[in-house]
Amino acid sequence: MFNKYKWLEEQTESLIEYIKEDHKNGNRTDLDSLQEKLHIDLDTEVIYYNHCWDICKELASPCEWDLSEWGPINNVSQLAYAALYEWAMQKIDLEELLEETQSELDNEELA
């Protein structure tokens, strides 16, 4: 069964690890690449239909079938993706996460 809070915690950790890995490789993550990482993770999350149904039961309301900002939603995978994306955007401030993580990494280098 899908647990939106567990997913949110794991997704946040995944994004932080992505920033840290970039930093370790001498790169500085920008907001666009962090958003791309989120989209890749969302694509991975909605591969299997049975998992998509669990996501939709937890996050999606029936009216969302017609209200997607990406156009009409034609299947459960698209609905699950839209629901996860909206949940993530409500709960994770990507700019703040990026700034805080990079600041922590910069401070560790100075120590």
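The paragraphs below set out a description of the structure included in this document. Remember, predicted model here, so these are calculated numbers, not experimental data.

**Some remarks on the packing of aromatic side chains**
- One pass over the structure, following the stated rule, counts 1 aromatic pair.
- Between tyrosine 5 and tryptophan 87, the aromatic rings sit 5.8 Å apart at their centres with planes inclined by 80°, giving edge-to-face as the arrangement. Note that tyrosine 5 is positioned in helix α1 (residues 4-24) and tryptophan 87 in helix α4 (residues 76-91), a separation of 82 residues in sequence.
- Classification of tyrosine 5 by relative accessible area gives exposed; the value is 53%.
- On the basis of relative accessible area, tryptophan 87 is assigned to the buried category, the value being 8%.

**Points about the pattern of salt bridges**
- Counting across every chain of the model gives 4 salt bridges.
- The salt bridge involving lysine 6 is made with glutamate 10; its shortest N-O contact spans 3.7 Å. Of this pair, lysine 6 and glutamate 10 both sit in helix α1, 4 residues apart, which is roughly one turn of the helix.

**A short note on α1**
- Over its 21 residues, α1 runs 30 Å from end to end, which matches the ideal 30 Å to within 8%, given 1.5 Å per residue.
- When α1 is considered as a whole, its buried residues turn out to be Lys4, Trp7, Leu8, Gln11, Leu15, Ile19, Asp22 and His23. Seen along its axis, α1 keeps its buried residues to an arc of 155°; they face one direction. Exposed residues pointing more than 90 degrees away from the buried face of α1 are listed as Tyr5, Glu9 and Lys24.
- Considering only its buried residues, α1 is in contact with α2 (31-45), α3 (49-59), α4 and α5 (94-110).
- Regarding α1, its N-cap is asparagine 3, as a side-chain oxygen of that residue lies 2.9 Å from the backbone nitrogen of tyrosine 5 further along.
- Note on α1: the residue one or two positions beyond its end, glycine 26, has a positive phi of about 85°.

**What to know about the state of the cysteines**
- Tallied over the entire structure, the rule returns 0 disulfides.
- The structure places no disulfide on cysteine 52, whose sulfur is separated from the nearest cysteine sulfur, that of cysteine 56, by 6.5 Å.
- Judged by its relative accessible area of 8%, cysteine 56 falls in the buried class.

**Here we look at the nonpolar core**
- One finds Trp7 and Leu84 to be the most contacted residues of the largest nonpolar core, which totals 30 residues.
- Elements supplying a minimum of two residues to this core: α1, α2, α3, α4 and α5.
- Per-element accounting of this core gives the leading share, 10 residues, to α4.
- Contacts of leucine 84, omitting those with residues within four sequence positions, involve Phe2, Trp7, Leu42, Glu45, Val46, Ile55 and Leu59.

**Some thoughts on a negative patch on the surface**
- Taken together, the side chains of Asp93, Glu95, Glu96, Glu99, Glu100, Glu104, Glu108 and Glu109 present a region of like negative charge at the surface.
- Inspection of the secondary structure puts glutamate 96 in helix α5.
- For glutamate 96, a relative accessible area of 41% corresponds to the partly exposed category.

Calculation notes
- Residues numbered from 1 in each chain as written.
- Predicted model: local features only at pLDDT ≥ 70, side-chain atom pairs only at ≥ 80, totals over all residues.
- Heavy atoms only, no water.
- Phe/Tyr/Trp six-rings, centres within 6.5 Å; stacked < 30°, edge-to-face > 60°.
- Helix = DSSP H or I, 4+ residues; strand = E, 2+ residues; numbered from the N terminus.
- Buried < 20%, exposed > 50% of the residue type's maximum accessible area, 1.4 Å probe, protein only.
- Salt bridge = Lys/Arg side-chain N within 4 Å of Asp/Glu carboxyl O.
- Expected span 1.5 Å × (residues − 1).
- Arc of directions from axis to C-beta.
- Contact = heavy atoms within 4.5 Å.
- Polar contact = N/O pair within 3.5 Å; in protein donor to acceptor, adjacent residues only side chain to side chain.
- Disulfide = S-S within 2.5 Å.
- Core = buried A, V, L, I, M, F, W, Y, C linked by side-chain atoms within 4.5 Å.
- Patch = residues over 30% accessible without salt bridge, like charges linked within 9 Å, V, L, I, M, F, W, Y side chains within 5 Å.
- Areas by Shrake-Rupley, 256 points an atom, 1.4 Å probe, with all protein chains shown as cover.
- Lys, Arg positive; Asp, Glu negative; His and termini not counted.
- Charge placed at Lys NZ, Arg CZ, Asp CG, Glu CD.

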